[in-house]
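# Structure at a glance
The chain contents come next:
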Amino acid sequence: MTTTGHDEPPGLGILAGGGPLPGQVAAAALRAGYRVFIVGFADFAEPSVIAPWPHEVIRLAAAGQILAALRRQRCRELVLIGPVRRPSLRDLRPDAEGTRILARIGRSLFGGDDGLLGALVRVLGEEGFAVRGAHEFLADGVAAAGSMGRVAPDARALSDIARGAAVLRTLGVLDIGQGCVVQDNLVLAVEALEGTDRMLERAAGLLQPGPGGVLVKLVKPGQERRADLPTIGPLTVEHAAAAGLRGIAVEAGYTLLTDRVGCIATADRTGLFLVGIDGNRIDSNQRQTT
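Heads up: these notes are all about the structure in this document. Here the residue index of a chain counts from 1 through its sequence in written order. In view of the model being predicted, local features appear only for residues whose pLDDT reaches at least 70, and side-chain atom pairs are presented and counted only at 80 or more, with totals across whole chains, interfaces and linings using the full set of residues. Side-chain calculation: all heavy atoms of the structure are included, whereas hydrogens and water are not.

Turning next to the sheet that holds strand E6 (residues 146-147). A pair of strands counts as paired when DSSP detects no fewer than two bridges linking them. Secondary structure follows DSSP: runs of H or I at least 4 residues long count as helices, runs of E at least 2 residues long count as strands, and numbering of each begins at the N terminus. Taking strand neighbours across the sheet as the criterion, the six strands line up as E6-E13-E11-E9-E7-E8 in an open arrangement whose pairing is mixed. The open sheet has two edge strands, E6 and strand E8 (186-190), and neither has a second partner. Alignment of strand E11 (residues 247-251) against strand E13 (residues 273-277), held across five bridges, turns out to be parallel. What sits directly across from Gly247, in E13, is Phe273. Any pair of residues with heavy atoms lying within 4.5 Å of one another is described as a contacting pair. Geometry is summarised by axes, namely lines fitted to C-alpha atoms with helices restricted to the contacting stretch, and by angles between N-to-C directions that run from 0 to 180 degrees. Along the sheet, helix H8 (residues 196-204) makes contact with strand E7 (179-183), E8 and strand E9 (214-217), crossing E8 at roughly 140 degrees.

Written out as structure tokens, the structure reads:
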């Protein structure tokens, strides 16, 4: 926490995309002694989520308005949280400050999500803000290591998890996706721009006879962990079950659960395992090393 040098609590600015997590970060930050101000990105932030908190709704590329609002509210620290669909350059319509920032981001604008977000974090740091990871505030909403519900993966599922982790490590180097579906060591689907739910829809139509596959979601190698961490919620678990999968493996310590209790309860109800793993420590025998 950065102190202000006065009696006023430090200000945390939350740059909010969709989903419930911006509100959860706000509540956690308030409990930690921060003043909270939310910039809700127009067309992405959910009004009901940000309504209880001091906020402004601002267009994504209106960087001048965003920075002015954050400075007006005396926010020194920032959290970027919630999904935002990447707009085309034609649809961005940046203001003057936005144009200047886009020029500083440079080629990263045309790369993968992690490259872009890493460049954005760097630019915000140059503007005088300290960017924090959402997981620093949401300790109770981060996936734990090991089985989180009543069901545990068997040897066959562990083999699929190891295969998925290897695939994601390779694709992650190219800044492509955070998730894949594997069944009997066969990669059924890889997450790209469409997101996890659409990937699960595709995987459902590719499922082979026999035990269902596994959804694996991991942080990319070298990823900027202050933005765009893998995220799942109860609906993700529902969709995985509807797709005929056996379970879900996620990066322990770096996957956000929008509703931890709900995720575990849904996994138990649908008979899926929900397990936290270290994606970099799966050996050839498909067991996590210690």
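Past the structure itself, the notes keep going.
Glancing now at unusual backbone geometry. The phi torsion at Asp43 lies on the positive side, around 75 degrees, for a residue other than glycine. Counting through the fold element by element, Asp43 comes out in the loop between strand E2 (35-41) and helix H2 (47-50). Its identity is not glycine, yet Asn185 carries a phi of approximately 70 degrees, on the positive side. With respect to the helices and strands, the residue Asn185 is situated in the loop between E7 and E8. Given the relative accessible area of 37%, Asn185 is considered partly exposed. Buried, partly exposed and exposed residues are distinguished by accessible area as a fraction of the type maximum, computed with a 1.4 Å probe on protein chains only: under 20%, between the cut-offs, and over 50%, respectively.

Multiplying one less than the number of residues by 1.5 Å gives the expected span of a helix. Compared with the 27 Å implied by 1.5 Å per residue over 19 residues, the 28 Å span of helix H7 (residues 155-173) between its first and last C-alpha is a close match. Of all the residues in H7, the buried ones are Ala157, Ser159, Asp160, Ile161, Ala162, Gly164, Ala165, Val167, Leu168, Leu171 and Gly172. Where H7 is buried, its residues touch E7, E8, E9, E11 and E13. The N-cap of H7, judged by a side-chain oxygen 3.2 Å from the amide nitrogen of Arg156 a few residues on, is Asp154. Here a polar contact is recorded for every N or O atom pair within 3.5 Å, except that within protein the pair must consist of a potential hydrogen donor and a potential acceptor, and residues adjacent in sequence are included only if both atoms are side-chain atoms.

Spatially, E3-E2-E1-E4-E5 is the arrangement adopted by the five strands of the open sheet, whose pairing is parallel. Bordering the open sheet on either side are strand E3 (55-58) and strand E5 (130-132), each of which pairs with just one other strand. Adjacent strand axes in the sheet meet at a mean angle of 25 degrees when their direction is disregarded. Here six bridges tie strand E1 (residues 11-16) to E2, and the two strands are oriented parallel to one another. Within E2, the position partnered with Gly13 by the bridge is Phe37. Lying on the sheet, helix H1 (residues 21-31) is in contact with E1, E2 and strand E4 (75-81); it crosses E1 at an angle near 170 degrees.

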